[in-house]
Amino acid sequence: MTAATGIRRVGVVGGGQMGAGIAEVCARAGLDTVVCETSGPAATAARERIAVSLERAVQRGKFDRLSAEAALDRITVTSDLTDLADRRLVVEAVVEDAGTKTEVFTALDKILTDPAAILATNTSSLPVMRLGMATSRADRVVGLHFFNPVPVLPLVEVVTTLHTAPAVTKEVTDFAAETLGKSVVHSTDRAGFIVNALLVPYLLSAVRMAESGFASATDVDHGMELGCAHPMGPLRLADLIGLDTVASIAESLYEEFKEPLYAPPPLLQRMVEAGLLGRKTGRGFHAYERGGEPR
């Protein structure tokens, strides 16, 4: 797949589960991709995360080995944010914390040398406008929200603020749809955008059901999988997303709308405090083997 826009050099800040996935799909699309992490070891881990994902795609017959090797060769990892200076698009995918994201945007605004460069955030719920106003180029800031796992799920939400230039919206939409081959939906800048504004109250309802003792986590999940033909039950899905991320999105939604259905339940908060975050820690509402497979 060839680039349909002027975006040929992409940067990704954050090499965790989401950032690594975003970098992978960009490299698969033939783009020069730089991933920036907080330290050398973290950057190396990000590259390994991408390599494992590509190998998994090869093993499953979704990608041939030569193409996987070529994609990995297009990825450079670094711990120096200034290595992103020449990027045309930088996607921020750090922890879901407003202060941390704002610091990244402020720094990138000073580093990027191309006045036409676009700054995008993969935030699940935080106001994109707040990040744009931390820069001198609010008209070139946009939300570009991918879904986990990024190489598998086809959807991207493009989120525009009151300042985002129409030309930027079009360029990012074309990039996501034509270069990356994703399906795009558009949302204005409100907490949760489209998907999480609908999904998170559903997940929180499942947490409350388990918390009350009304049904076990297993039965809640089986009920929705077998009764509603959902591919994954709500509590197993929450484990996949990460319970800390679910709680963070819920807090952002509640802060904006002040509706009880968005408030994170006490059980969810206690699990986050206990470090029981789901697949990535081996235990959430369910237990997982090494590598994230259900036990």
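Please refer to the structure higher up on the page.
Counting restarts for each chain: residues are numbered from 1 in the order of the written sequence. At least 70 in pLDDT is required for a residue's local features to be given in this predicted model, at least 80 for side-chain atom pairs to be given and counted, and no such filter applies to totals for whole chains, interfaces and linings, which use all residues. By convention in this description, side-chain values take in all heavy atoms of the structure and omit both hydrogens and water.

Caption draft 1: Just the overall build of the protein, in detail. Put simply, DSSP H or I for four residues or longer makes a helix, DSSP E for two residues or longer makes a strand, and each gets a number counted from the N terminus. What the protein contains, in helices and strands, is eleven helices and eight strands. The C-alpha atoms of the protein give 19 Å as radius of gyration, which agrees with the globular expectation for 295 residues (19 Å, within 12%). Buried residues are those whose accessible area, probed at 1.4 Å on protein chains only, stays under 20% of the maximum for their type, while exposed residues exceed 50% and partly exposed ones sit between those limits. Across the 295 residues of the protein, 50% fall into the buried class. The contacts of the protein with a sequence gap of at least 6 include a subset with a gap of at least 24, amounting to 67%. Accessible surface for the protein amounts to roughly 13200 Å². Of this, 55% is attributable to carbon and sulfur atoms. Across the protein, the centroid of the 29 positively charged side chains sits 3 Å from that of the 36 negatively charged ones. Computation of the radius of gyration draws on C-alpha atoms, with the globule rule given as 2.2 Å multiplied by the number of residues to the power 0.38. Residue contacts follow a heavy-atom distance rule, with two residues in contact if any of their heavy atoms lie within 4.5 Å. Using a 1.4 Å probe, accessible areas were evaluated by the Shrake-Rupley method; residue-level cover was limited to the displayed protein chains. His is not counted here, nor are the chain ends, while Lys and Arg score as positive and Asp and Glu score as negative. By convention, the point assigned to a charge is CZ for Arg, NZ for Lys, CD for Glu and CG for Asp.

Caption draft 2: A look at helix 7 (residues 195–211). What a helix should span is 1.5 Å times the count of its residues minus one. With 17 residues, helix 7 ought to run about 24 Å at 1.5 Å a step, and its terminal C-alpha atoms sit 24 Å apart, in line with that. Turning to helix 7, its buried residues number three or more, namely Asn 196, Ala 197, Leu 199, Val 200, Pro 201, Leu 203, Leu 204, Ala 206, Val 207 and Ala 210. Close packing links the buried residues of helix 7 with strand 6 (141–146), helix 8 (217–227), helix 9 (234–241), helix 10 (243–257) and helix 11 (266–273). Two residues or fewer past helix 7, Gly 213 is found with a positive phi of approximately 85°.

Caption draft 3: Representation of helix 3 (residues 65–73). Every buried residue of helix 3 is accounted for by Ala 68, Ala 71 and Leu 72. For helix 3, the arc enclosing every buried residue in end-on projection is 95°, short of the 170-degree limit, so these residues lie on one face. Looking at helix 3, the residues exposed on the side facing more than 90 degrees away from the buried face are Leu 66 and Asp 73. Along its buried surface, helix 3 packs onto helix 1 (17–28), helix 2 (40–59) and strand 3 (75–78). Polar contact criterion, stated in full: a pair of N or O atoms within 3.5 Å, where within protein one must be able to donate a hydrogen and the other to accept it, and residues adjacent in sequence count only if both atoms are side-chain atoms. For helix 3, the capping residue at the N-terminal end is Asp 64, with a side-chain oxygen 3.3 Å from the backbone nitrogen of Leu 66. What the arc describes is the spread of directions from the helix axis to the C-beta atoms.

Caption draft 4: Structural detail: the packing of aromatic side chains. In this analysis, rings of Phe, Tyr and Trp, with Trp reduced to its six-membered ring, are considered paired at centre separations within 6.5 Å, and the interplanar angle assigns stacked below 30 degrees, edge-to-face beyond 60, and tilted for intermediate values. All chains considered together, the criterion is met by one aromatic pair. Seen in terms of ring centroids, Phe 257 and Tyr 262 are 5.4 Å apart; in terms of plane orientation they differ by 35°. Their pairing is tilted. We classify Phe 257 as partly exposed; its relative accessible area is 25%. Judged by its relative accessible area of 8%, Tyr 262 falls in the buried class. The rule is short: NZ of Lys or CZ of Arg within 6 Å of the ring centre and within 35 degrees of the ring normal puts a charge over the ring. Lying across the ring of Phe 63, Arg 28 places its NZ or CZ 4.4 Å from the centre.

Caption draft 5: Broad picture of the side chain of Glu 92. Along the chain, the position of Glu 92 falls in strand 4 (residues 89–92). The class of Glu 92 is buried, set by a relative accessible area of 1%. At 2.9 Å, the side chain of Glu 92 and the backbone nitrogen of Val 94 are in polar contact.

Caption draft 6: Molecular detail of the sheet that holds strand 3. Should DSSP find at least two bridges between two strands, the strands are taken to pair. Taken together, the eight strands give an open sheet; going across it, the order is 3-2-1-4-5-6-7-8, and neighbouring strands pair in mixed fashion. Edge positions in the sheet fall to strand 3 and strand 8 (183–188), since each of these pairs with one other strand and no more. In this sheet, adjacent strand axes meet at a mean angle of 25° when their direction is disregarded. Bridge count between strand 4 and strand 5 (residues 118–121): four bridges; the pairing is parallel. Opposite Val 91, over in strand 5, you have Ala 120 as the bridge partner. Axis angles are defined between N-to-C directions and span 0 to 180 degrees, where every axis is a line fitted to C-alpha atoms and, for a helix, only to the segment in contact.

Caption draft 7: Looking closely at the pairing of strand 6. For strand 6, the buried fraction is high: six of the six residues fall into the buried class. Going residue by residue along strand 6, you find Val 141, Gly 143 and His 145 tucked away on one face and Val 142, Leu 144 and Phe 146 tucked away on the opposite face as well. Here three bridges tie strand 5 to strand 6, and the two strands are oriented parallel to one another. Paired with Leu 119 across the two strands is Val 141, which belongs to strand 6. Relative to strand 7 (residues 155–160), strand 6 runs antiparallel, the two being bridged by four bridges. Within strand 7, the residue paired with Gly 143 across the bridge is Val 159.

This is a description of form; function is not addressed.
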